[in-house]
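Observations on the model geometry
So the chains spell out like this:
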Amino acid sequence: LRIKHVYPGSMVLSYVGVGAKPLQDELMLQIPVSSTKKYDDHKYAWRESLREYVRSNPLVKDAESIPCASLPERLVNKSLSESEKVVRQVMSSYSPSKSGPVGRCGPKDSEGLMTMKTFFPANKILSTSTLQMVQRSSERHRKLFDETEMEKRCHRGNLAQLPRLFDRLRSLYTSSKRRAIPFKSVMAHLLETRRDRTVAASRVEAQVKLILEHASEWFTIEVDTRGSKILQIHPDVDPNTTRRKLSL
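What you are looking at is a predicted structure, and each value in this text was computed from that prediction instead of being measured.

What counts and how
- Residues numbered from 1 in each chain as written.
- Predicted model: local features only at pLDDT ≥ 70, side-chain atom pairs only at ≥ 80, totals over all residues.
- Heavy atoms only, no water.
- Patch = residues over 30% accessible without salt bridge, like charges linked within 9 Å, V, L, I, M, F, W, Y side chains within 5 Å.
- Areas by Shrake-Rupley, 256 points an atom, 1.4 Å probe, with all protein chains shown as cover.
- Salt bridge = Lys/Arg side-chain N within 4 Å of Asp/Glu carboxyl O.
- Helix = DSSP H or I, 4+ residues; strand = E, 2+ residues; numbered from the N terminus.
- Buried < 20%, exposed > 50% of the residue type's maximum accessible area, 1.4 Å probe, protein only.
- Core = buried A, V, L, I, M, F, W, Y, C linked by side-chain atoms within 4.5 Å.
- Contact = heavy atoms within 4.5 Å.
- Pairing = 2+ DSSP bridges.
- Axes fitted to C-alpha atoms, helices over the stretch in contact; angles between N-to-C directions.

1. So, a nonpolar patch on the surface
A cluster of nonpolar side chains, contributed by Leu-29, Ile-31, Val-33 and Tyr-39, occupies part of the molecular surface with about 370 Å² of accessible area. One can find Val-33 in the loop between strand 2 (27-30) and helix 3 (39-56). For Val-33, a relative accessible area of 38% gives the class partly exposed.

2. Topic: the nonpolar core
Leu-169, Val-186, Val-208, Ile-211, Phe-219 and Leu-231 are the most contacted members of the largest nonpolar core, which has 22 residues in total. Counting residues per element, the ones that place at least two in this core are helix 7 (162-176), helix 8 (183-192), helix 9 (201-214) and strand 5 (229-233). Per element, the largest residue contribution to this core is six residues, and it comes from helix 7. Other than its neighbours up to four places away in sequence, Val-208 contacts Leu-165, Phe-183, Met-187, Leu-190, Phe-219 and Leu-231.

3. Focus: the environment of Gln-207
Its place among the elements puts Gln-207 in helix 9. A relative accessible area of 9% places Gln-207 in the buried class. In the structure, Gln-207 is positioned 42 residues away from Leu-165 in sequence and 7.7 Å away in space, judged by C-alpha atoms. Residues within four places of Gln-207 in sequence aside, it is in contact with Asn-158, Gln-161, Leu-162 and Leu-165.

4. Considerations on the sheet that holds strand 4 (residues 219-223)
Taken in spatial order, the three strands line up as 3-5-4 in an open sheet, and their pairing is antiparallel. Edge positions in the sheet fall to strand 3 (180-182) and strand 4, since each has one partner strand and no second. Neighbour-to-neighbour, the strand axes of this sheet turn through a mean angle of 30°, independent of strand direction. Note: strand 3 against strand 5, three bridges, orientation antiparallel. Bridged to Ile-181 within strand 5 is Leu-231.

5. As for the pattern of salt bridges
Pairing is possible between side chains of opposite charge, provided their charged atoms come close. Per the counting criterion, the structure on display carries seven salt bridges. Two residues, Arg-51 and Glu-48, come together in a salt bridge whose shortest N-O distance is 2.7 Å. Of this pair, Arg-51 and Glu-48 both sit in helix 3, three residues apart, which is roughly one turn of that helix. Judged by relative accessible area, which is 44%, Arg-51 ranks as partly exposed. Salt-bridge contacts for Asp-167 lead to Arg-243; the nearest nitrogen and oxygen are separated by 2.9 Å. Remark: Arg-243 occurs in helix 10 (residues 239-247) and Asp-167 occurs in helix 7; sequence separation between them is 76 residues. Overall, the relative accessible area of 33% leaves Asp-167 in the partly exposed class.

Take a look at the structure:
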């Protein structure tokens with residue numbers, strides 16, 4: 001550290017960790033060497049720097065009189081919650097609609113936008129293990145968000161199908177001249193007459209339940225003495241009014 005104080009360019013101090021181990025295990029010293037500057041050049045520059053330092057500081061009598069250079073700031077390991085907070089702050093400073101990052105600089109991915117994995121190793125904010133934990137947590141949140149969005153889209157799609165489903169149910173009850181039909185029979189008819197064979201039975205059933213919810217004045221479900229579900233219509237209710245309500 002005294003050498004670095006006298007000749008700052010003689011070495012670079014950094015850490016290989018984030019405070020999880022003793023200082024002697026994580027402090028790394030590197031002598032910058034390039035094609036134009038070899039070790040001998042550093043030795044010569046060190047001697048010249050030392051002479052100049054002693055000349056300009058007459059109170060220096062020996063090596064102990066030379067102060068030590070300051071150590072670089074040592075980052076500490078962050079908890080998962082703190083790391084997630086940092087991730088959100090950094091990622092929120094980048095806009096997908098722009099050609100590049102707005103905030104701090106760092107390596108970019110192939111699309112020109114900073115990613116979480118490239119940002120943090122470059123800026124030495126988090127340890128690898130903490131970064132991996134944040135990444136897994138982020139993926140879980142994204143998966144949950146995607147599943148929720150999928151459910152919302154499916155629900156909106158089912159609501160859009162209610163007017164057509166109403167017409168099919170009305171046709172079924174009119175042609176059969178019945179007011180009540182077992183739930184299983186209604187489902188079998190709807191699945192048999194569906195236009196799109198890729199539509200799952202669970203989705204058709206969900207649409208029937210929505211009809212029961214949004215057209216309860218015309219269409220209800222009852223349970224007979226044997227516990228079987230019976231779908232029943234009320235002919236005294238104007239079906240055209242109910243149809244218009246479902247179309248809104």
